[in-house]
Every structure is written in structure tokens, then in C-alpha cells.
Amino acid sequence: DFVDRSELVHCTPVPSMDRDGAEIGKISIIDDTTFVVLYPYDREVVVYGADLSPRHVIPFTESGPTGVRSPEGATLLDDTLVVVADQFGQSLRLFDLSGRDRGTVDLGFPPDRVQAAGDEVLVAPLVIASMTRGLVHAWHAGRVEQLGVATTRYPDSGLNAFANFVTLSAFPDGRTVVAHQFVVPFAY
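Thresholds applied
- Residues numbered from 1 in each chain as written.
- Predicted model: local features only at pLDDT ≥ 70, side-chain atom pairs only at ≥ 80, totals over all residues.
- Heavy atoms only, no water.
- Pairing = 2+ DSSP bridges.
- Helix = DSSP H or I, 4+ residues; strand = E, 2+ residues; numbered from the N terminus.
- Axes fitted to C-alpha atoms, helices over the stretch in contact; angles between N-to-C directions.
- Phe/Tyr/Trp six-rings, centres within 6.5 Å; stacked < 30°, edge-to-face > 60°.
- Lys NZ or Arg CZ within 6 Å of the ring centre and 35° of its normal.
- Patch = residues over 30% accessible without salt bridge, like charges linked within 9 Å, V, L, I, M, F, W, Y side chains within 5 Å.
- Areas by Shrake-Rupley, 256 points an atom, 1.4 Å probe, with all protein chains shown as cover.
- Salt bridge = Lys/Arg side-chain N within 4 Å of Asp/Glu carboxyl O.
- Buried < 20%, exposed > 50% of the residue type's maximum accessible area, 1.4 Å probe, protein only.

Caption draft 1: Here's a closer look at the sheet that holds strand β10 (residues 120-125). On the basis of which strands lie adjacent, the open sheet formed by four strands has the order β9-β10-β11-β12 and antiparallel pairing. Unpaired on one side and paired on the other, β9 (111-117) and β12 (143-146) mark the two borders of the sheet. Between one strand and the next, the sheet's axes are offset by a mean angle of 25 degrees, whatever the strand orientation. With three bridges connecting them, β10 and strand β11 (residues 137-140) associate as antiparallel partners. Within β11, the position partnered with Leu122 by the bridge is Ala138.

What follows is the structure, encoded as C-alpha cells:
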């Protein structure tokens, strides 16, 4: 009788978030008043506030000084640094809130997800073959290190990649939940 006991939910479109049909890539929750939306095909990251209005719009290009070849996720670190995961570039691209280039972090693996957690950025890779055996990495103080969560291994490369897709959700104090999306019924 779950349906009979359930409340009907009403969704209301938010005009400030209407991006004229733009496709949303990934969303990163920063805190109880801020979240970041990646619009990969529009090549923009938008930082939204509690009132659901854009606080910052950070454009980037496909190539050049602000180039992100394959944007896969974005997050906001310390309310000042926008971090965009570049899957083809196997890197993190860094921008300030005005969209100025603040550098590149080479990862050596293709990132699939990024999430600010405390004073670091957590990175989950797209697991292809044996490029990385770590399911979660942290970028902090200029270094990238594996956090000791091992990838799941299957002999079929497609199943292997599928089984290692995860979501990352951070609490304000930096604790983070990492959960497999498919195949593996486990979270860390």
C-alpha cells in the first residue's frame, strides 16, 4: 500500500534555471546553500545559490587556454576554485570564479566524477583496463593520491567499467560517501 500512503509530489519549474533546453552533465552539491551544474555541451559551469539563481557562470572552450576536451564533472573548492574533470585530457582543469585559467592537474587516468570534500577534491576514475586500481583519489595541496579504495575487477572490460561507476557525495565536514551505481551493491 506504499502508493496509497504516499504524498503526491509537485514539481515547479524554476525560471532562473531554465537554460533553454541545455543538457545537464553532472551536479555537485557543495553545501546547504550552493550546488554546481556542469552543462557539457554549452561548455559552462554554473554555481547556483540557495535561491536557485546563478551566482557564477564559468565558460570554457574545447581547446586553448581554457580548453576542456571532454568535460565529465565539476565542483567548487573553497568557494573560489572551479574544478572541471577533463576525461580525454586525463586531467583536472582549474578556473577562478571569473573564468580565468588557474592551471591543470595531470591525473594519468580519465576522471569520471569530481567532488569537493573539505579542503580537497575527490576524483573517481573511468576505469578502463588497468590504468588505475584506485576507485577514489584525492587532489590536495598540489598532489594526487589514491585513497585505498580498490576498483572491482571483472574479466570483461565493459562490465569492469560499468561496475566501477560511482557517485560521490560529501558532507560539509569533508566526510564522503562513495557508492557503486551498478552491479556492485556496496558503498564506502
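Having put the structure on the table, let's press on.
Caption draft 2: Highlighting the packing of aromatic side chains. Counted under the stated rule, the structure contains five aromatic pairs. Between Phe162 and Phe182, the aromatic rings sit 4.4 Å apart at their centres with planes inclined by 10 degrees, giving stacked as the arrangement. Of the two residues, Phe162 is situated in helix α2 (residues 157-163) and Phe182 in the segment after β14 (176-180); the sequence distance between them amounts to 20 residues. Relative to Phe182, the ring of Phe165 lies with its centre 6.5 Å away and its plane at 85 degrees, an arrangement referred to as edge-to-face. Of this pair, Phe165 sits in the loop between α2 and β13 (166-170) while Phe182 is found in the segment after β14, placing the two residues 17 residues apart along the sequence. Through a chain of ring-to-ring contacts, three or more aromatic side chains come together here, namely Phe162, Phe165 and Phe182. One residue, Arg175, lies across the ring of Phe171, its end atom 4.3 Å from the ring centre.

Caption draft 3: Representation of the sheet that holds strand β8 (residues 101-106) within the structure. Spatially, four strands are ordered β5-β6-β7-β8 in an open sheet, and the strand pairing comes out antiparallel. If you trace the sheet from one side to the other, it starts and ends with β5 (71-77) and β8, each paired once. Ignoring which end each strand starts from, the neighbouring axes of this sheet average 20 degrees apart. Bridge count between strand β6 (residues 81-86) and strand β7 (residues 91-96): six bridges; the pairing is antiparallel. Bridge pairing links Leu81 to Asp96 in β7.

Caption draft 4: Representation of a nonpolar patch on the surface in the model. A surface patch of nonpolar side chains, amounting to about 390 Å² of accessible area, comprises Tyr154, Leu159, Phe162, Phe182 and Val183. Secondary-structure assignment places Val183 in the segment after β14. According to the relative accessible area criterion, Val183 is partly exposed, its value standing at 42%.

Caption draft 5: A look at the pattern of salt bridges. Inspection of the entire model under this criterion finds ten salt bridges. With a shortest N-O distance of 3.9 Å, Arg43 and Glu62 are connected by a salt bridge. Taken as a pair, Arg43 in the loop between β2 (35-39) and β3 (44-48) and Glu62 in the loop between β4 (54-59) and β5 lie far apart in primary sequence, 19 residues in all. For Arg43, a relative accessible area of 17% gives the class buried. Asp112 is paired through a salt bridge with Arg113; the nearest N and O atoms lie 3.9 Å apart.

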